[in-house]
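# A look at the structure
So you can see what is in the structure, the chains are spelled out below.
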Amino acid sequence: MNTVAVLGLGTIGRGIAANLVAAGHTVTVWNRTAGVVEVGGTHVAPTIADAVRGQDAVLVCLSDDAAVRAVVLGEDGVLAHVAAPTVVVDMSTISVALSEAEHAAFAERGIEMLDAPVFGSKGEAAVGGLWVVVGGDAETLTRVRPVLEAVSASVHHMGPGGAGARMKLVGNLLVAAQLQSLGEGLTLARAAGLDLRRVLEVVAVADFRTPIYDGVGAAVLAGDYTPAFALHLMRKDVGLIEELARQVGAKVPGVTVAAQTLDAALAAGLGDLNASALIRVLAEEAGVELAAD
């Protein structure tokens, strides 16, 4: 595959487009918001129709269900203008129900589609180090694998349509739980009189270590909540996790707790900060300061 359209130039979409250009693909981009930073080496399409026409693959990187409904399934969206043999790959984090609706709509028109959301954020997107989880036909994935490998560290086929969307929500459950537990741990440690630098030394080497604890812990001590993945988007994802859990009859009490903390953070005006800003709420409720002196 040589020609690729990327719809959505947020944090992830910009990185994806840049890495596709670096891999030698001819890349056309389109974004809902005018004035977005352009990606070097890409062609900017004025409309969705212009962006998707004649492409080998169309990658969709949007923020939520509402955006995907409008851009993909809307009256003047991707579905209305794309034609076989183009493959549509939705890399957005959306509800399983909407992902399955996309698959059904494209199948009705004889167009191949994959749901392929990603793990990783600004840093991973910039260096082509995302992790892609895919739902859909295995042969279709084989066709677009070179495109996905150009932007990722690994690609994982999870099963039929919607399986990628399900895996993305499982993974984000783990992310939310780690942020909540790190915030609780650091808050307890500070309230108990421990030196947080020494606490993080242990966190970095013990058997409960994770890259999230390591990176976020250091940022918290630096008082750095620069957005790589905005808190309001994490709250959106937590809502999708709760919705999926209700549908399948699974209990996710840890997610319920994280949702409450995220709601408090939103009420405090922290929605545009990094998702780790939920830790600030936990510390403030306990009356402690986590940033290093």
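Note that this is a predicted model, so its numbers are computed, not measured. (Residues numbered from 1 in each chain as written. Predicted model: local features only at pLDDT ≥ 70, side-chain atom pairs only at ≥ 80, totals over all residues. Heavy atoms only, no water.)

### Remarks on the overall build of the protein
On a plain count of helices and strands, the protein comes out with 13 helices and nine strands. A compact globule built from 293 residues should have a C-alpha radius of gyration of about 19 Å, and the protein, at 20 Å, falls within 12% of that. Judged by the C-alpha coordinates and their principal axes, the protein covers about 65 × 45 × 35 Å. Classification of the 293 residues of the protein by burial places 49% in the buried group. For the protein, the exposed surface amounts to about 13,100 Å²; the carbon and sulfur share of it is 55%. On the protein, the mean spot of the 19 positive side-chain charges and the mean spot of the 32 negative ones are 2 Å from each other. (Helix = DSSP H or I, 4+ residues; strand = E, 2+ residues; numbered from the N terminus. Rg over C-alpha atoms; globule rule 2.2 N^0.38 Å. Buried < 20%, exposed > 50% of the residue type's maximum accessible area, 1.4 Å probe, protein only. Areas by Shrake-Rupley, 256 points an atom, 1.4 Å probe, with all protein chains shown as cover. Lys, Arg positive; Asp, Glu negative; His and termini not counted. Charge placed at Lys NZ, Arg CZ, Asp CG, Glu CD.)

### Concerning helix H10 (residues 211-221)
If you check which residues of H10 are buried, you get Tyr213, Val216, Gly217, Val220 and Leu221. For H10, the arc enclosing every buried residue in end-on projection is 135°, short of the 170-degree limit, so these residues lie on one face. Buried-residue contacts for H10 involve helix H8 (163-191), helix H9 (196-203) and helix H13 (278-286). Within two residues after H10, Gly223 carries a phi angle of roughly 65°, on the positive side. (Arc of directions from axis to C-beta. Contact = heavy atoms within 4.5 Å.)

### Some thoughts on the pairing of strand S5 (residues 87-90)
Here S5 shows no split at all, with Val87 and Val89 on one side and Val88 and Asp90 on the other all buried. In the sheet, strand S4 (residues 57-60) pairs with S5 via four bridges, with the strands oriented parallel. Following the sheet pairing, Val60 is matched in S5 by Asp90. Of the strand pairs in this sheet, S5 and strand S6 (residues 113-115) are connected by three bridges, and their pairing is parallel. Bridging across to S6, Val88 finds its partner in Met113. Once you follow S5 into helix H5 (residues 96-108) and on to S6, the crossover reads as right-handed. (Pairing = 2+ DSSP bridges. Right-handed = clockwise from strand over helix to strand, strands pointing away.)

### Here we look at the side chain of Arg235
Topologically, Arg235 is positioned in helix H11 (residues 231-248). A distance of 2.7 Å separates the side chain of Arg235 from the side chain of Asp263, its partner in a polar contact. When neighbours within four sequence positions are excluded, Arg235 is seen to be in contact with Glu242, Ala259, Leu262, Asp263 and Leu266. (Polar contact = N/O pair within 3.5 Å; in protein donor to acceptor, adjacent residues only side chain to side chain.)

### Comments concerning the pattern of salt bridges
Taken as a whole and judged by the stated rule, the model has nine salt bridges. The salt bridge involving Arg69 is made with Asp65; its shortest N-O contact spans 3.8 Å. Of this pair, Arg69 and Asp65 both sit in helix H3 (residues 65-71), separated by four residues, roughly a single helical turn. By relative accessible area, which is 12% here, Asp65 ends up buried. Where Glu149 meets Arg145, a salt bridge forms, and the shortest distance between an N and an O atom there is 3.7 Å. Separated by four residues within a single helix, Glu149 and Arg145 lie in helix H7 (residues 138-149), roughly one turn from each other. Using a relative accessible area of 45% as the deciding quantity, one classes Glu149 as partly exposed. Arg145 gets classed as partly exposed once you look at its relative accessible area, which sits at 28%. (Salt bridge = Lys/Arg side-chain N within 4 Å of Asp/Glu carboxyl O.)

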